[in-house]
Amino acid sequence: MKRVVLFMTFLAVALAATMLVASPPTAEIAPNRAPAAPGAGTALGDVILELDVETPTGCNRMLAAEWVDGQIFVTGACKVGGKNQVYVFEGTSLVDQFDQETTSEWGWRDMAYDGAYLYASDSVNIDAFTTDGTVVGSFAGAQDPNRALAYDPATGHFWTANFTSNIIEFDADGTVYHSFTNTYSVYGMAWDNISADGPWLWVFEQDANEIHQFDPVAGNYTGVTIGDLPGGGSGPIAGGLGVVPYIDGSKMSAALIGLMQAEPDTVFIVELVADRPDMVEADYSINAPTIDGSIGLGEWTDAYQMDFAGTPGFLAYLKTDGDTLWVALDVYGDDSADAGDLVRLYYDNSNDDALDDSCSGTPTDDGYYHLRWSGATTEFLHSTAYLNTVPTNCTSSASPTDLDGAIGFDSNVIYEFAIDLTAGNLNGGFGERIGFLINVIDGETDYAESIWPTDGAKYVPETYGDLVYNSCTGCLIADVCYDAGEANPLNDCEVCQPFLANDDWSNRDGFICGDDGVFCNGDEVCVAGACDGHSGDPCEDDGQFCNGDETCNETDDICESSGDPCPDDGLFCNGDETCGEFFDRCNHSGDPCEPGEMCVEEDDICDPLGDDDDDDDDNDTTGDDDTTGDDDTTGDDDTTGDDDTTGDDDTTDDDDTTGDDDDDTGGVPADDDDDDDDSGCGC
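My aim in this report is to walk through the structure given alongside it, one point at a time. (Residues numbered from 1 in each chain as written. Predicted model: local features only at pLDDT ≥ 70, side-chain atom pairs only at ≥ 80, totals over all residues. Heavy atoms only, no water.)

## So, the overall build of the protein chain
Secondary structure summary: the protein chain contains 0 helices and 47 strands in total. Taken across its 683 residues, the protein chain has 44% of its residues classed as buried. Pairs at least 24 apart in sequence give 48% of the contacts found in the protein chain among residues at least 6 apart. (Helix = DSSP H or I, 4+ residues; strand = E, 2+ residues; numbered from the N terminus. Buried < 20%, exposed > 50% of the residue type's maximum accessible area, 1.4 Å probe, protein only. Contact = heavy atoms within 4.5 Å.)

Now the structure itself:
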């Protein structure tokens with residue numbers, strides 16, 4: 001059982017919600033996964049970190065984790081504003097998150113890191129993106145999606161698998177180099193160029209949720225397995241995998257980082273190499289220094305540097321172009337040039353921690369180069385060695401053709417070496433790791449000496465540190481190594497993107513490259529490697545309907561809106577016009593007339609209801625008050641002509657109270673009250 005060295009998790013309040021519909025799946029599981037009982041594994045190291053990443057983020061659909069310069073990047077299929085997320089942890093604290101530019105349900109799966117860009121896939125394409133989420137390019141992978149992903153910095157190749165697909169090695173141009181049989185439901189991969197006898201590919205599978213070592217040269221699993229992993233809560237499912245190249249900054253240990261799709265989703269780090277040798281590196285450079293015993297201005301600024309506080313203390317510089325190893329030692333602990341001052345560089349080419357047992361073969365595996373000050377001249381020496389009960393020299397050369405060197409003095413003693421790696425004595429291929437020891441002797445103080453690494457011993461290779469030859473991990477263009485993301489110093493529209501081309505510039509399309517003084521054509525941008533394009537009208541639709549259309553004002557260099565798009569339409573009877581932002585349309589308030597009124601469009605008025613004539617007082621319902629022509633039978637007040645039988649009130653002809661028809665001859669009373677009467681007899 002593994003011993004938990006450090007357990008770190010967040011303490012937070014869990015929020016629960018009762019769902020009335022089925023919840024989406026919280027883990028992406030291989031459809032042909034064959035669950036198996038986890039094996040005991042080989043337990044390569046202790047658990048270093050177990051981190052709940054679900055509680056602080058509120059996301060229960062985490063997929064993968066990757067270590068980037070001390071931070072942990074985690075992909076999650078929980079959408080914010082319709083986009084999946086990447087969460088960034090520093091230690092155990094959530095410090096940032098950003099959108100994924102993905103379209104699938106799950107988004108980016110397993111990630112890989114090349115020192116400049118992160119890579120991940122949600123489809124056949126693999127996206128390269130910066131640590132703030134900016135996608136700088138995409139290229140087609142070998143699967144759809146490229147669910148598990150790893151990157152080999154020595155070749156620039158990628159490795160992928162999609163559940164039980166073959167394990168495939170390919171590059172960004174689409175060239176497939178190897179396709180190896182695989183039977184596991186693979187979800188995560190990590191490239192390991194640190195462990196002994198590597199490099200190795202580590203594979204995280206969902207059948208038993210174990211990590212398996214895969215030999216990328218032989219194309220098979222080695223049988224080395226890491227099981228009993230953290231995050232084994234409810235229904236754990238393997239997620240992504242990555243490498244932690246160093247844990248504490250000393251590069252003395254390395255680890256694997258992975259994500260377990262569990263409840264809660266958990267990031268774990270388990271030890272990969274527990275006791276890693278001290279290490280120095282030779283950085284890639286084609287700038288050859290002048291070997292003259294002085295640290296010239298700018299000569300070593302592109303070299304790897306190590307400050308070793310021994311007695312005497314020294315500052316070491318190392319760099320290589322693949323053909324030559326250049327080393328400078330500024331021995332600040334030796335302030336005088338004395339006979340016997342000496343530096344030896346011991347090597348173990350095979351890094352097998354042992355001297356050869358014979359001198360057969362040329363060259364032997366182990367030896368050293370040295371520079372020594374005699375008091376008058378510089379002595380050069382190359383010697384090889386083997387173990388003959390005690391370390392014994394095989395050959396020694398006082399004038400080695402593969403060594404150029406110089407000793408100088410500038411307030412302290414300075415040594416400079418140039419060793420030819422093509423001569424066959426010292427190995428030095430890009431990405432190669434050899435045993436290495438530095439021995440500095442001060443001839444003035446009874447030959448006081450310092451040895452790096454601190455516990456190192458001369459001719460005891462198992463105590464040596466490691467020397468790693470770094471290749472150009474960016475773009476090697478015209479014998480100059482440019483970092484990934486670095487622009488062409490002669491053309492801002494070209495940039496180093498090693499995943500697209502590691503020996504040439506790549507176009508930087510869309511990069512803002514100038515200003516032609518015109519506002520309304522937008523920014524000047526790169527197109528096909530030249531500053532010839534424009535981003536276009538900067539006054540795009542702002543998404544607001546009720547402020548009208550956006551237009552560009554070149555005179556004032558501003559964007560303007562046309563205003564309310566809903567003016568008066570000239571109609572009275574549909575009411576007032578108003579703008580409806582929610583549905584992006586113009587609305588009408590409706591009929592402006594009150595109940596009991598009718599809208600008259602031609603007059604823009606509201607008329608009361610109930611009028612039944614042409615010549616009226618606009619207020620008749622029954623009984624007319626006409627001035628001309630009458631057809632009423634009762635209650636009339638006509639001025640001319642009458643056809644009433646009862647109740648007449650004429651102003652001309654008659655004013656009878658009973659039974660008058662304006663032509664009386666009799667009757668009772670037989671009276672006629674007007675001047676124009678008939679005989680009055682009532683007949």
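## Observations concerning the sheet that holds strand S9 (residues 135–140)
Paired through their backbone hydrogen bonds, the strands of a sheet run either parallel or antiparallel. Ordered in space as S6-S7-S8-S9, the 4 strands form an open sheet in which the pairing is antiparallel. Each of the sheet's edge strands pairs with one partner strand only, and the pair in question is strand S6 (111–113) and S9. The sheet shows a mean angle of 25 degrees between the axes of neighbouring strands, direction not considered. Here strand S8 (residues 125–129) pairs with S9 via 5 bridges, running antiparallel. The residue of S9 that forms the bridge with Ile126 is Phe139. (Pairing = 2+ DSSP bridges. Axes fitted to C-alpha atoms, helices over the stretch in contact; angles between N-to-C directions.)

## A look at the side chain of Gln100
Among the secondary structure elements, Gln100 is positioned in the loop between strand S5 (93–99) and S6. The class of Gln100 is buried, set by a relative accessible area of 0%. Within polar-contact distance, the side chain of Gln100 engages the backbone oxygen of Gln85 at 2.7 Å. Not counting residues within four places of it along the chain, the set of residues in contact with Gln100 comprises Thr75, Gly76, Lys83, Asn84, Gln85, Val86, Gly107 and Trp108. (Polar contact = N/O pair within 3.5 Å; in protein donor to acceptor, adjacent residues only side chain to side chain.)

## Some thoughts on the nonpolar core
If you look at the biggest cluster of nonpolar residues, it comprises 33 residues, and the most contacted ones within it are Phe314 and Leu329. Not counting the four nearest positions on each side in its chain, Phe314 is found in contact with Met306, Asp307, Phe308, Leu329, Asp330, Val331, Tyr332, Ile438, Val440, Ser450 and Trp452. Residues Ile194, Trp200, Phe268 and Leu272 belong to the second largest nonpolar core, which totals 20 residues. (Core = buried A, V, L, I, M, F, W, Y, C linked by side-chain atoms within 4.5 Å.)

## Quick look at the environment of Leu371
Note on placement: Leu371 falls in strand S26 (residues 366–373). For the pair Leu371 and Phe417, spaced 46 residues apart in sequence, the C-alpha to C-alpha distance is 8.2 Å.

## Quick look at the state of the cysteines
Counted under the stated rule, the structure contains 12 disulfides. A disulfide bridge connects Cys513 with Cys531, and the sulfur atoms are separated by 2.0 Å. One disulfide, between Cys513 and Cys531, carries an S-S torsion of 90 degrees and so falls in the right-handed class. With Cys513 in strand S39 (residues 512–514) and Cys531 in strand S41 (residues 530–534), this residue pair connects regions lying 18 residues apart in the sequence. Residue class for Cys531 comes out partly exposed when judged on its relative accessible area of 37%. (Disulfide = S-S within 2.5 Å.)

## So, the packing of aromatic side chains
As enumerated under the stated definition, the model contains 27 aromatic pairs in all. Directly above the aromatic system of Trp106 lies the positively charged group of Arg61, at a separation of 4.1 Å from the ring centroid. One residue, Lys319, lies across the ring of Trp300, its end atom 5.3 Å from the ring centre. (Phe/Tyr/Trp six-rings, centres within 6.5 Å; stacked < 30°, edge-to-face > 60°. Lys NZ or Arg CZ within 6 Å of the ring centre and 35° of its normal.)

## Quick notes on the pattern of salt bridges
If you walk through the whole model with that rule in mind, you get 6 salt bridges. One salt bridge in this structure joins Arg61 and Glu105, with 2.8 Å as the shortest N-O distance. Taken together, the residues span a long stretch of sequence, with Arg61 in the loop between strand S1 (47–52) and strand S2 (62–68) and Glu105 in the loop between S5 and S6 at a distance of 44 residues. Residue classification places Arg61 among the buried positions, given a relative accessible area of 8%. For Glu105, a relative accessible area of 42% puts it in the partly exposed group. The shortest N-O distance in the salt bridge between Arg433 and Asp466 comes to 3.2 Å. (Salt bridge = Lys/Arg side-chain N within 4 Å of Asp/Glu carboxyl O.)

## Some points on unusual backbone geometry
For the bond running from Gly198 to Pro199, omega is 10 degrees, close enough to zero to count as cis. Following Trp452, the chain continues into Pro453 via a peptide bond in cis, with omega recorded as 0 degrees. One non-glycine residue, Phe163, lies in the positive phi region at around 55 degrees. The class for Phe163 is buried, based on a relative accessible area of 9%. Of note, Asn209 is a non-glycine position whose phi angle comes to about 55 degrees, a positive value. Among the secondary structure elements, Asn209 is positioned in the loop between strand S15 (200–205) and strand S16 (211–215). By relative accessible area, Asn209 is classed as buried at 12%.

## Quick word on the sheet that holds strand S38 (residues 506–507)
Spatially, 3 strands are ordered S36-S37-S38 in an open sheet, and the strand pairing comes out antiparallel. The open sheet has two edge strands, strand S36 (487–488) and S38, and neither has a second partner. Relative to S38, strand S37 (residues 491–495) is paired through 2 bridges, and the arrangement is antiparallel. Note that in S38 the partner of Glu494 across the bridge is Asn507.

## Considering the pairing of strand S13 (residues 176–180)
One ladder, built from 4 bridges, connects strand S12 (residues 167–170) with S13; its direction is antiparallel. Residue pairing in the sheet places Ile167 in a bridge with Phe180 of S13. The hairpin turn running from S12 into S13, its antiparallel successor, is 5 residues long, and Gly174 in that turn takes a positive phi close to 95 degrees.

## Some details on the side chain of Thr102
Mapped onto the fold, Thr102 is located in the loop between S5 and S6. By relative accessible area, Thr102 is classed as buried at 15%. What Thr102 contacts, discounting residues up to four positions off in sequence, is Asn84, Gly107, Trp108 and Asp122.

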